[in-house]
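Descriptive structure summary
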Amino acid sequence: MSVPDYMQCADDHQTLLVVVQPVGIVPEDQFFRIYKRIASVSQISIRDSQRVLFIRYRHHYPPENNDWGDFQTHRKVVGLIAVTECVSAKEWPQTSDRFHDHKEVYGSTLYDSRLLVYGLQGEVAEQARTDVAFYPSYDECEDVERRVEDFIESLFIVLESKRLDRATDKSGDKIPLLCIPFEKKDFVGLDTDSRHYKKRCQGRMRKHVGDLCLQAGMLQDALVHYHMAVELLRSVNDFLWLGAALEGLCSASVIYHYPGGTAGKSAARKPSISVPADAGKRHRPGAQELLIDPGALTTNGISADTSSEIGRAKNCLSPEDIIEKYKEAISYSLYKNAGVIELEACVKAVRVLAIQKRAMEASEFLQNAVYINLGQLSEEEKIQRYSILSELYHLIGFQRKSAFFKRVAAMQCVAPTIPEPGWRACYKLLLETLPGYSLSLDPQHFSQGTHKGWAAVQMRLLHELVYASRRMGNPGLSVRHLSFLLQTMLDFLSDQEKKEVTQSLENYTSKCPGSMEVITLSDGLKLLPVAFTKLPIVRSVKLLNLPVTLRPRKVKSLLGQSMAVKSPFIYSPITVHHRGDERSKKIDFQWVQGDVCEVQLMVYNPMPFELRVENMGLLTSGVEFESLPAALSLPAESGLYPVTLVGVPRTAGSITVNGYHTSVFGVTSDCLLESLPGVKTSGCTVEVVPALPRLQLNTSLPRSAHMLLPASGEEVSTSVSVQLFNGETRQLMIRLENIGAEPLETLELTSKTVHTKEKLFGEFLSWSLEDTLSQFPLKPGQVATLTVNIKVKLDFSGQENLLQDLNDDGISVTGLPISSPLRQVLKPRVESKAGNPPESSKGGEYNPVKTLEAILNFKYSGGPGHTEGYYRDLSLGLHVDVEPSVFFTHVSTLPATSTRQCHLLLDVFNSTEHELAVSAKNNEDLVLHAGECQRMAIQVNKFDFEDLPEPQDDRGQFTSLKQLEEERQQARGYEINSKLDICWEIPSLKRQGEASVEGVLNQLVLEHLQLAPLQWDVLVNGQPCDCDIVAECEVGDLVPLEVKLTNRSKHAVGPFALTVIPFQDYQNGVHNYELQDVVTFVGSNTFYIDSVNPTENCVCDGTLLFLYTGDFYLNIKFHDDSSSRELPLDWFCLPSVHIKALEPALQTML
Amino acid sequence: MAVCIAVIAKENYPLYIRSIPTENELKFHYTVHTSLDVVEEKISAVGKALVDQRELYLGLLYPTEDYKVYGYVTNSKVKFVIVVDSSNTALRDNEIRSMFRKLHNSYTDVMCNPFYNPGDPIQSKAFDNMVSAMMVQVC
């Protein structure tokens, strides 16, 4: 006996073994269909008693096991049901013979047999034989069950007769010695008459009768017989049979205690037996769990024999005793050949213990079972043995042990000694070990928190799964397992292992790319897709705003969104906090439909080699989104690495970035952000506004490398630069191109000068938008142009450094006033400088170039975004380097001959390196060489600044007086400048511009240029007289002289006394005042003027009489004792009057 | 004397495992892993009886052909497992107990380290040295 039946359980001791076998050729499926129907008759109530018969069916039973039938009768094949197919009557005899041959195999033990013939019809089938049943086909055999029942009953009759025969045999003279095959030779030549031998025979027979009683459903009798057998056999030291008797006793007790059976659900018998209709009697719910007190159990239907009731409590073993007896029984180990019996006993005991929930003791039995050596086992038997061990360990709750043995069994399936390894079986068994290693193939279990479980063994198992699935010829499966291994065990893989795993993964995926589909195995197990969330690891996800120039801006409605504030409080920490929460979800900027939008991920590569990520794109929901995948290559164990994923929203609305997809090592994965641990995100939902046009600017000026000062506050996309000489005007052509997909409908342009310390005169930037706007709306691709005038006027004159520079050369000019015409001596120096201009201009610490910066801001909108109230801002930076052209180093005035005019003396310095011509309003051009300084005089009319409007100053009261004065002076400067209209031109460069004196005018000069508030007019002969006008009169005529004072000051002036003194100028420096004989006054030569109120005037008249011809001058003087000393002197500057007295007309003379 | 010493977290994953024949480490992984079944069984059995005066030492978990596996569980359900060569018959129960006590003390020291996160693999040198000493030391 070498083949153990691992399915055995204690209940099997009470069953009758019936073998069902096919004879001849029977289709397998048909046979098992019939087999199942037969096997459904597993329990028969005997008609006239209350006993129940249990049948165990086997379709395969090794005959050598049958030889142990005397040892334990449930091992004996007592019935044979043969199933055969017979098509024609001709075959019948042959079939019949075969049936008889089959009977021979188990012949020694068979009580009865049956033959079920299928397919045969006709006369042969008509014959009435009890042991043969004919059926026309497999489908027409309604009475199979009834036939089997009849058969079982016939078996029972034989069994009962045998039992009675043996039981009453006690008084018989000779009891035969029952023995098992290997014992037979031991008893040869033994004294059969000894008491010892007889006792042995008696004991064994008792035990045998006990077995029969148990099978016949007489539990109590069986117990009694077993007890007696134990006593007898113990006394003769027949250990093997003692063990059997003890086991019988245990079995009977178990059957008594656990009527539900000990096989358990998981250990279903090989061909699953459909539960018979009357099973209710036997399978009481919960009966397994209950440890039934034997004494209390009187109404149990097993035995109604009241006589045995008394002995029940005594004979039946308690649950604890059962285990004790089992332990004792398993002394079979003394006999090498009884290994199978011992193993089966162990298995049975474990099953009982499992029901009793005594795992520790069960594990001891199992441990013992592991060591039972059954000699050479075939591979299949090994697998079976390991599987059953695993199953039993599972039964007692030792999941890890169970998994261990299952894995061993799986490995056994593919042992190198097996010619055809069963990879499929191996894989299946391996899958079953997963729970034992607390490994779930759902990657979700690993996504949260740290890894839980025994990584080393889990990894090993995954490797084996990968290998098995590959050998099974299912690369998709191995890719899935390998991906899982890589994803979940990454932290535990060494660098070398990481390399190996990824290499083999790449190998597999070259044949079968990994996907995100669920793989369903044949047995219904679903393998969920594995997303490589760790390759690369994403640390943060940040949605990026559009570039400044493309950001949509909302037109602020008049009411404003500020009305949306719900709280009546202006500030409350609670609402602020609440808003902060909201922000974490919704982002405060917008994306624009049709524009490329970016999301920045911070990723790092945990692998010790370069990681190539292909086809990395965004997963979004909400609006239609066209993701533009990227491929990237991350260096080994990189630090945080920014990756920008881009896409284009195709519709407007709210978009949510849910995650990203990648393709790494040929495995595509969809990684959802919510399932990623430790990802920082500032919100993933963003609003997409309707499409807006895009404006591109091209200018006539070169692009600037300069970036505007960051302090400018605004980001500027492009900036252009230009170099201008001071005073020059340049036109900036801006080409506006609509490069978007929407028409450009509106455009607004504003400019802002970046704050500088420089004082800027005049309007820097000016433009006219009408022409451009007339071309609107601008369709996509169309171009419009805009011209902006750039005019720079800066003050270079006050540059201390430059003056210093002028002073610092070898030629001593110290002590010389800067305004001196001697400045011309500087000329040679500049020439020497011209020899190496780049060095000196750049190498020197001082750079006279000044910089002006401004921002042109284009606000434009159009398309659907415009109707929604969005616009875009585009800024153009303007960087102007202003080089000094000409400037005035010194300004002074000289009074002109007329009191209404004066000469403005300007020292003009040409600071360029070119020859330069300066021209004023009505003067000749003044040519200046490079670095030359010359004085130019311009005659100017004096200005009446009172006419200038006062600067409109709302904030007047806040600004200091000084500021007010400055502004006033600035306005005056502007006025003067516009009158002067000084221009320069560099002929060599063909550039020209204006020169401004505004900066150099100081208070003194201004005063000189200002008309006095007291205006004196002298009229001779009714004609106004001024410096250069010569009034003519005739000798002898009365010449009326009128002096008029107009008061433009703010106060009343006067009274004044004036004296007119005539004199003659001999042009040689001699003035002759002795003219009493030549000129007489008619009346007084002294005028008195009363006080004059503001804006009023006063006229006083006098008359002169010239007695001789000649040139006369009139000097009008104030009396020294005038009371108006407090007024400035130059207010009292009267024009000198030049009168030419002529001969009276000849006609009158004649 | 010990051939393998393991510290297992409450959640039944190894915090520390070291064995002397390093080439066949996986075997010890399996040995210790399967021994957890017995540990759990013992804990649950004890749990029913006396919770307060629990004996931390679990005794022999199971013998295999070559090794004996001993177990010990702290009150926080951290398990210590020591695998001893079966041939070493000189080893008494008391000595095993003292080994576990030493192990427990050393583990306590590890836990006292403010830089150690409970649940992380133990990388303490002091602990390592102590384990080494236990493995080499011949009784």
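For clarity, every value in this text was computed on a predicted model and none was experimentally measured.

With respect to the overall build of chain A
When helices and strands are tallied, chain A shows 28 helices and 46 strands. In chain A, 75% of the contacts between residues at least 6 apart in sequence involve partners at least 24 apart.

Description of the overall build of chain B
Across its full length, chain B carries 3 helices and 5 strands. In chain B, the succession of α and β elements from N to C terminus is β-β-α-β-β-β-α-α. A buried classification covers 49% of the 139 residues belonging to chain B. Long-range contacts, defined here as pairs at least 24 residues apart, represent 54% of the contacts in chain B between residues at least 6 apart. Accessible area of chain B: about 6900 Å², with a carbon and sulfur share of 51%.

A word on the pattern of salt bridges
All names here are of chain A. A complete count under the given rule lists 28 salt bridges over all chains for this structure. Residues Asp-211 and Lys-207 are paired through a salt bridge, measuring 2.4 Å at the closest nitrogen-oxygen approach. In this pair, Asp-211 and Lys-207 are both assigned in helix α6 (residues 195-215), 4 residues apart and thus about one turn of the helix distant. We classify Lys-207 as buried; its relative accessible area is 0%. The partner of Arg-553 in a salt bridge is Asp-873, and the shortest N-O contact between them spans 3.4 Å. Here Asp-873 lies in strand β28 (residues 870-883) and Arg-553 lies in strand β10 (residues 552-554), a separation of 320 residues in the sequence. Given the relative accessible area of 26%, Arg-553 is considered partly exposed. Classification of Asp-873 by relative accessible area gives buried; the value is 13%.

Description of helix α3 (residues 92-105) of chain A
Residue and element names in this part refer to chain A. Look at α3: 21 Å from first C-alpha to last across 14 residues, which is about the 20 Å you get at 1.5 Å a residue. Buried within α3 are the following residues: Trp-92, Thr-95, Ser-96 and Phe-99. In an axial view of α3, the angular spread of the buried residues amounts to 100°, which keeps them on one side of the axis.

Digging into the pairing of strand β3 (residues 57-63) of chain B
All names here are of chain B. Burial analysis of β3 places 5 of its 7 residues in the buried class, which makes it a mostly covered element. Sheet topology note: the β3/strand β4 (residues 67-73) ladder contains 5 bridges and is antiparallel. Looking at β4, one finds that Tyr-62 is bridged to Val-69. The hairpin turn running from β3 into β4, its antiparallel successor, is 3 residues long.

Some details on the packing of helix α7 (residues 219-235) of chain A against helix α8 (residues 239-257) of chain A
The angle between the axes and the distance between the axes are what describe a pair of packed helices. All names here are of chain A. Where α7 contacts α8, the two axes come as close as 9 Å, and the packing angle between them is 155°. Our classification of the angle between α7 and α8 gives roughly antiparallel. Judged by the twist between their axes, the crossing of α7 over α8 is left-handed. Seen from α7, the contacting residues are Leu-219, Gln-220, Leu-223, Tyr-226, His-227, Ala-229, Val-230, Leu-233 and Arg-234; seen from α8, they are Trp-241, Leu-242, Ala-245, Leu-246, Gly-248, Leu-249, Ala-252, Ser-253, Ile-255 and Tyr-256.

Brief notes about the nonpolar core
All names here are of chain A. Counting 181 residues, the largest nonpolar core has Leu-486 and Trp-591 as the members making the most contacts within it. Setting aside its immediate chain neighbours within four residues, Leu-486 contacts Leu-493, Val-501, Thr-502, Leu-505, Phe-532, Leu-535, Met-607 and Phe-665. With 34 residues, the next largest nonpolar core counts Leu-53, Ile-81, Ala-133 and Tyr-135 among its residues.

What about the sheet that holds strand β12 (residues 597-604) of chain A?
All names here are of chain A. Spatially, β14-β16-β12-β9-β19 is the arrangement adopted by the 5 strands of the open sheet, whose pairing is mixed. Strands at the two margins of the open sheet, each flanked by one partner only, are β14 (625-628) and β19 (680-681). Sheet topology places β12 next to strand β16 (residues 641-649); 7 bridges connect them, and they run antiparallel. Residue pairing in the sheet places Val-599 in a bridge with Leu-645 of β16.

With respect to the interface of chain B and chain A
With 22 residues of chain B at the contact, the number on the chain A side is 20 residues. In total, chain B and chain A occlude about 2000 Å² of area from one another, counting both sides; carbon and sulfur atoms represent 67% of this. Ranking the residues of chain B by area buried against chain A places Tyr30(B), His33(B) and Asp37(B) at the top, with a combined share of 35%. Inspection of the region where chain B meets chain A yields 2 salt bridges. Residue Arg400(A) is joined to Glu40(B) by a salt bridge in which the shortest nitrogen-to-oxygen separation is 3.4 Å. Where chain B meets chain A, there are 7 residue pairs in polar contact (both at pLDDT 80 or more). For the side of chain B that touches chain A, the secondary-structure elements that each account for two or more residues are β2 (14-19), α1 (25-49) and β3 of chain B. Examining the composition of the side of chain B that touches chain A, we find that 12 residues originate from one element, α1(B), more than from any other. Split into classes, the residues belonging to the side of chain B that touches chain A amount to 11 nonpolar, 5 polar and 6 charged.

Quick notes on the packing of aromatic side chains
Two aromatic rings, taken as a pair, are described by how far apart their centres are and by the angle between their planes. Across all of its chains, the model carries 23 aromatic pairs over all chains by this definition. Considering the side-chain rings of Tyr72(B) and Phe100(B), the 5.1 Å spacing of their centres and the 10° angle between planes classify their relative orientation as stacked. A residue pair is termed long-range when its members are at least 10 positions apart, and Tyr72(B) in strand β4 and Phe100(B) in helix α2 (residues 93-112) qualify at 28 residues. According to the relative accessible area criterion, Phe100(B) is buried, its value standing at 0%. Every member of this aromatic cluster is reached through a ring pair, and the members are Tyr386(A), Tyr393(A), Phe398(A), Phe404(A), Phe405(A), Tyr437(A) and Tyr30(B). Lying across the ring of Phe71(A), Lys207(A) places its NZ or CZ 5.7 Å from the centre. The side chain of Lys401(A) reaches across the aromatic face of Tyr62(B), ending 4.1 Å from its centre.

Looking at unusual backbone geometry
Glycine aside, residues mostly have negative phi angles, and peptide bonds mostly take the trans form. Look at the link from Leu535(A) to Pro536(A): it is a cis peptide, with omega at -5°. The backbone of Lys77(B) shows a phi angle near 65°, a positive value even though the residue is not glycine. In this fold, Lys77(B) is placed in the loop between β4 and β5 (79-85).

Examining the confidence of the model for chain A
On average, residues of chain A carry a pLDDT of 75, and 78% of them reach 70 or more. For the stretch residues 558-564 of chain A, pLDDT sits under 50, and the model shows 1 contact to residues farther than four places along the chain or on other chains.

What to know about the sheet that holds β2(B)
All names here are of chain B. Taking strand neighbours across the sheet as the criterion, the 5 strands line up as β2-β1-β5-β4-β3 in an open arrangement whose pairing is antiparallel. Strands with a single pairing partner mark the edges of an open sheet, and in this sheet they are β2 and β3. The sheet shows a mean angle of 15° between the axes of neighbouring strands, taken without regard to direction. In terms of strand pairing, strand β1 (residues 2-8) meets β5 through 6 bridges, oriented antiparallel. Its bridge partner lying in β5, Ala-2 is registered against Val-84.

What to know about α6(A)
Residue and element names in this part refer to chain A. Across its 21 residues, α6 extends 30 Å between first and last C-alpha, which sits within 8% of the 30 Å expected from 1.5 Å per residue. Across the 21 residues of α6, 16 count as buried, placing the element largely inside the fold. One or two steps after α6, the chain reaches Gly-217, where phi turns positive at roughly 90°.

What about the environment of Arg37(A)?
Residues and elements named next belong to chain A. Relative to the elements of secondary structure, Arg-37 occurs in helix α1 (residues 28-39). Among the residues examined, Arg-37 registers a relative accessible area of 25% and is labelled partly exposed. Along the primary structure Arg-37 and Val-148 are separated by 111 residues, whereas in three dimensions their C-alpha atoms are 9.4 Å apart. Discounting chain neighbours no more than four positions away, the residues touching Arg-37 are Cys-141, Glu-142, Val-144 and Glu-145.

Remarks on the environment of Thr889(A)
Residue and element names in this part refer to chain A. With respect to the helices and strands, Thr-889 occurs in strand β29 (residues 886-895). Here Thr-889 falls in the buried class, since its relative accessible area comes to 17%. In this structure the C-alpha to C-alpha distance between Thr-889 and Cys-933, which are 44 residues apart in sequence, comes to 8.5 Å.

What about the confidence of the model for chain B?
Across chain B, the average pLDDT comes to 83, with 91% of residues at or above 70. Two summary scores accompany this predicted model of the complex, namely pTM at 0.66 and ipTM at 0.90.

Remarks on the side chain of Arg200(A)
All names here are of chain A. As for its position among the elements, Arg-200 is in helix α6. Among buried charged residues, Arg-200 stands out as having no salt bridge; its nearest opposite-charge side chain is Asp-238, 4.3 Å away. With residues near it in sequence (within four places) discarded, Arg-200 still touches Leu-177, Phe-187, Leu-233, Val-236 and Asp-238.

Parameters at a glance
- Residues numbered from 1 in each chain as written.
- Chains lettered and ligands numbered in written order.
- Predicted model: local features only at pLDDT ≥ 70, side-chain atom pairs only at ≥ 80, totals over all residues.
- Heavy atoms only, no water.
- Helix = DSSP H or I, 4+ residues; strand = E, 2+ residues; numbered from the N terminus.
- Contact = heavy atoms within 4.5 Å.
- Buried < 20%, exposed > 50% of the residue type's maximum accessible area, 1.4 Å probe, protein only.
- Areas by Shrake-Rupley, 256 points an atom, 1.4 Å probe, with all protein chains shown as cover.
- Salt bridge = Lys/Arg side-chain N within 4 Å of Asp/Glu carboxyl O.
- Expected span 1.5 Å × (residues − 1).
- Arc of directions from axis to C-beta.
- Pairing = 2+ DSSP bridges.
- Axes fitted to C-alpha atoms, helices over the stretch in contact; angles between N-to-C directions.
- Parallel < 35°, antiparallel > 145°, perpendicular 65-115°, else oblique.
- Left-handed = near helix turned anticlockwise from the far one by under 90°.
- Core = buried A, V, L, I, M, F, W, Y, C linked by side-chain atoms within 4.5 Å.
- Buried area = accessible area lost by both parts, 1.4 Å probe.
- Polar contact = N/O pair within 3.5 Å; in protein donor to acceptor, adjacent residues only side chain to side chain.
- Nonpolar A, V, L, I, M, F, W, Y, C, P; charged D, E, K, R; others polar.
- Phe/Tyr/Trp six-rings, centres within 6.5 Å; stacked < 30°, edge-to-face > 60°.
- Lys NZ or Arg CZ within 6 Å of the ring centre and 35° of its normal.
- pLDDT = per-residue confidence, 0-100.
- Lys, Arg positive; Asp, Glu negative; His and termini not counted.

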